[in-house]
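If you want the building blocks of each chain, they are given just below.
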Amino acid sequence: MSWGACFMYYHCPECGKKFKYALDMLSVFGAGFGRCPECGAEGVLEKDGARTPDDSDYFEVEE
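Residues numbered from 1 in each chain as written. Predicted model: local features only at pLDDT ≥ 70, side-chain atom pairs only at ≥ 80, totals over all residues. Heavy atoms only, no water.

**Q** In this structure, what is going on with the overall build of the protein? I would like to understand it.
**A** A count of helices and strands for the protein gives 1 helix and 4 strands. N-terminal to C-terminal, the α/β element order of the protein is β-β-α-β-β. In terms of C-alpha radius of gyration, the protein reaches 11 Å, essentially the compact-globule figure of 11 Å for 63 residues. Counting only C-alpha atoms, the protein reaches 40 × 25 × 15 Å along its principal axes. Put simply, the protein has 63 residues, and 30% of those count as buried. In the protein, once contacts between residues fewer than 6 apart in sequence are set aside, the share between residues at least 24 apart is 56%. For the protein, the computed accessible surface area is about 4000 Å², with 52% contributed by carbon and sulfur atoms. (Helix = DSSP H or I, 4+ residues; strand = E, 2+ residues; numbered from the N terminus. Rg over C-alpha atoms; globule rule 2.2 N^0.38 Å. Buried < 20%, exposed > 50% of the residue type's maximum accessible area, 1.4 Å probe, protein only. Contact = heavy atoms within 4.5 Å. Areas by Shrake-Rupley, 256 points an atom, 1.4 Å probe, with all protein chains shown as cover.)

**Q** Sorry if this is basic, but what is going on with the sheet that holds strand β2 (residues 18-22) here?
**A** Sheets are built from strands that pair by backbone hydrogen bonding, the pairs being arranged parallel or antiparallel. One open sheet holds the 4 strands; their spatial order is β3-β1-β2-β4, and the pairing between them is mixed. The open sheet has two free edges, formed respectively by β3 (44-50) and β4 (59-60), since each of these has just one partner strand. Both β2 and β4 contribute to a ladder of 2 bridges, which runs parallel. Residue K20 lies in a different strand from β4, and its bridge partner there is E60. (Pairing = 2+ DSSP bridges.)

Treat this as a map of the structure, not an account of what it does.
The structure is reproduced here in structure tokens:
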């Protein structure tokens, strides 16, 4: 049984934005993985795993 994509959920300590990265995108983003898409600050990891009930509160960072 598959739970779907796994995500790492973050919030930005600078601008407050909530965002998530899919783990399979680690190689695409490289050193930028986990950075805020709004201001570029290093995000604070909140949780990781399959989609959570509050998933829609987080912006999904894509290419």
